[in-house]
Amino acid sequence: MSVDEAERVALSAFSYITNDEDRLNRFLAVSGLRVDTIRIAAESAGFFAGILDYIASDEALLVGFAEEQRIKPEQVMQAHWTLSPSEFE
(Lines give C-alpha, C1' and ligand atoms only; values in the text may rest on other atoms or scores of the structure.)
Protein backbone atom coordinates (compact mmCIF):
# COMPACT_ATOMS: atom_id res chain seq x y z
CA MET A 1 0.00 0.00 0.00
CA SER A 2 1.34 3.42 -0.91
CA VAL A 3 1.72 6.22 1.62
CA ASP A 4 -0.97 8.22 -0.21
CA GLU A 5 -3.42 5.30 0.03
CA ALA A 6 -2.58 4.81 3.71
CA GLU A 7 -3.13 8.50 4.39
CA ARG A 8 -6.53 8.33 2.68
CA VAL A 9 -7.48 5.44 4.97
CA ALA A 10 -6.29 7.46 7.97
CA LEU A 11 -8.27 10.50 6.87
CA SER A 12 -11.38 8.32 6.54
CA ALA A 13 -10.67 6.88 9.99
CA PHE A 14 -10.39 10.37 11.44
CA SER A 15 -13.72 11.28 9.85
CA TYR A 16 -15.24 8.09 11.28
CA ILE A 17 -14.03 9.04 14.75
CA THR A 18 -15.16 12.66 14.58
CA ASN A 19 -18.61 11.90 13.14
CA ASP A 20 -19.76 10.31 16.39
CA GLU A 21 -19.72 12.24 19.66
CA ASP A 22 -18.93 9.20 21.83
CA ARG A 23 -16.07 8.10 19.57
CA LEU A 24 -14.73 11.65 19.44
CA ASN A 25 -14.89 12.10 23.21
CA ARG A 26 -13.06 8.82 23.78
CA PHE A 27 -10.41 9.74 21.20
CA LEU A 28 -9.88 13.11 22.86
CA ALA A 29 -9.61 11.50 26.29
CA VAL A 30 -7.10 8.88 25.13
CA SER A 31 -5.03 11.19 22.93
CA GLY A 32 -4.96 14.14 25.29
CA LEU A 33 -6.05 16.43 22.46
CA ARG A 34 -8.82 18.97 22.74
CA VAL A 35 -11.27 20.04 20.06
CA ASP A 36 -9.39 23.33 19.72
CA THR A 37 -6.00 21.61 19.29
CA ILE A 38 -6.92 18.98 16.71
CA ARG A 39 -6.23 21.25 13.74
CA ILE A 40 -2.71 21.99 14.99
CA ALA A 41 -2.08 18.31 15.75
CA ALA A 42 -3.32 17.33 12.29
CA GLU A 43 -0.46 19.30 10.77
CA SER A 44 2.16 17.14 12.47
CA ALA A 45 3.93 14.43 10.48
CA GLY A 46 2.77 11.57 12.70
CA PHE A 47 -0.89 12.51 12.98
CA PHE A 48 -2.20 10.00 10.42
CA ALA A 49 -0.07 7.24 11.92
CA GLY A 50 -1.47 8.13 15.33
CA ILE A 51 -5.05 7.95 14.07
CA LEU A 52 -4.47 4.47 12.66
CA ASP A 53 -2.63 3.42 15.81
CA TYR A 54 -5.67 4.48 17.81
CA ILE A 55 -8.06 2.59 15.50
CA ALA A 56 -5.83 -0.50 15.54
CA SER A 57 -5.73 -0.52 19.35
CA ASP A 58 -9.49 -1.10 19.65
CA GLU A 59 -10.83 -4.15 17.81
CA ALA A 60 -14.46 -3.02 17.92
CA LEU A 61 -13.50 0.39 16.55
CA LEU A 62 -11.34 -1.21 13.86
CA VAL A 63 -14.08 -3.60 12.76
CA GLY A 64 -16.76 -0.89 12.83
CA PHE A 65 -14.64 1.46 10.75
CA ALA A 66 -13.74 -1.26 8.26
CA GLU A 67 -17.39 -2.27 7.89
CA GLU A 68 -18.47 1.33 7.29
CA GLN A 69 -15.74 1.74 4.66
CA ARG A 70 -16.56 -1.66 3.14
CA ILE A 71 -12.96 -2.76 3.44
CA LYS A 72 -11.29 -5.57 5.34
CA PRO A 73 -9.74 -4.79 8.73
CA GLU A 74 -6.51 -6.15 7.25
CA GLN A 75 -6.48 -3.22 4.82
CA VAL A 76 -6.70 -0.79 7.73
CA MET A 77 -3.83 -2.62 9.40
CA GLN A 78 -1.81 -2.47 6.18
CA ALA A 79 -2.32 1.30 6.13
CA HIS A 80 -1.21 1.40 9.76
CA TRP A 81 1.95 -0.57 8.97
CA THR A 82 2.67 1.65 5.97
CA LEU A 83 2.58 4.79 8.09
CA SER A 84 4.17 3.19 11.19
CA PRO A 85 6.51 0.47 10.02
CA SER A 86 7.90 -1.80 12.71
CA GLU A 87 11.60 -1.52 13.38
CA PHE A 88 11.66 -5.32 13.44
CA GLU A 89 10.54 -5.84 9.84
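Here the structure is a predicted model, which means the values were calculated and not measured.

A.B. asks: I'm lost on the nonpolar core in this one. Help?
C.D. replies: Counting residues in each nonpolar core, the largest one holds 26 residues, and the members touching the most others are Phe27, Ile51, Leu52, Ile55, Phe65 and Val76. Counting only elements with at least two residues in this core, the list comes to α1 (3-18), α2 (21-31), α3 (38-42), α4 (47-56), α5 (59-69) and α6 (73-83). Looking at this core, the element that brings in the most residues is α1, giving 7 residues. Excluding residues within four positions of it along the chain, Phe65 makes contact with Val9, Ser12, Ala13, Tyr16, Ile55 and Val76.

A.B. asks: Help me out: how do you make sense of α4 in this one?
C.D. replies: It helps to recall that an α-helix has 3.6 residues per turn; residues three or four apart then point in one direction. Along α4, the residues that are buried comprise Phe47, Ala49, Ile51, Leu52, Tyr54 and Ile55. In the core, the buried residues of α4 are packed alongside α1, α2, α3, α5 and α6.

A.B. asks: For this particular structure, what's the right way to read the environment of Val3?
C.D. replies: If you trace the backbone, Val3 turns up in helix α1. Residue Val3 is classed as partly exposed on the basis of its relative accessible area of 43%. Sequence-distant contacts of Val3, defined by excluding residues within four places in its chain, comprise Thr82 and Leu83.

So, how was this worked out
- Residues numbered from 1 in each chain as written.
- Predicted model: local features only at pLDDT ≥ 70, side-chain atom pairs only at ≥ 80, totals over all residues.
- Heavy atoms only, no water.
- Core = buried A, V, L, I, M, F, W, Y, C linked by side-chain atoms within 4.5 Å.
- Buried < 20%, exposed > 50% of the residue type's maximum accessible area, 1.4 Å probe, protein only.
- Helix = DSSP H or I, 4+ residues; strand = E, 2+ residues; numbered from the N terminus.
- Contact = heavy atoms within 4.5 Å.

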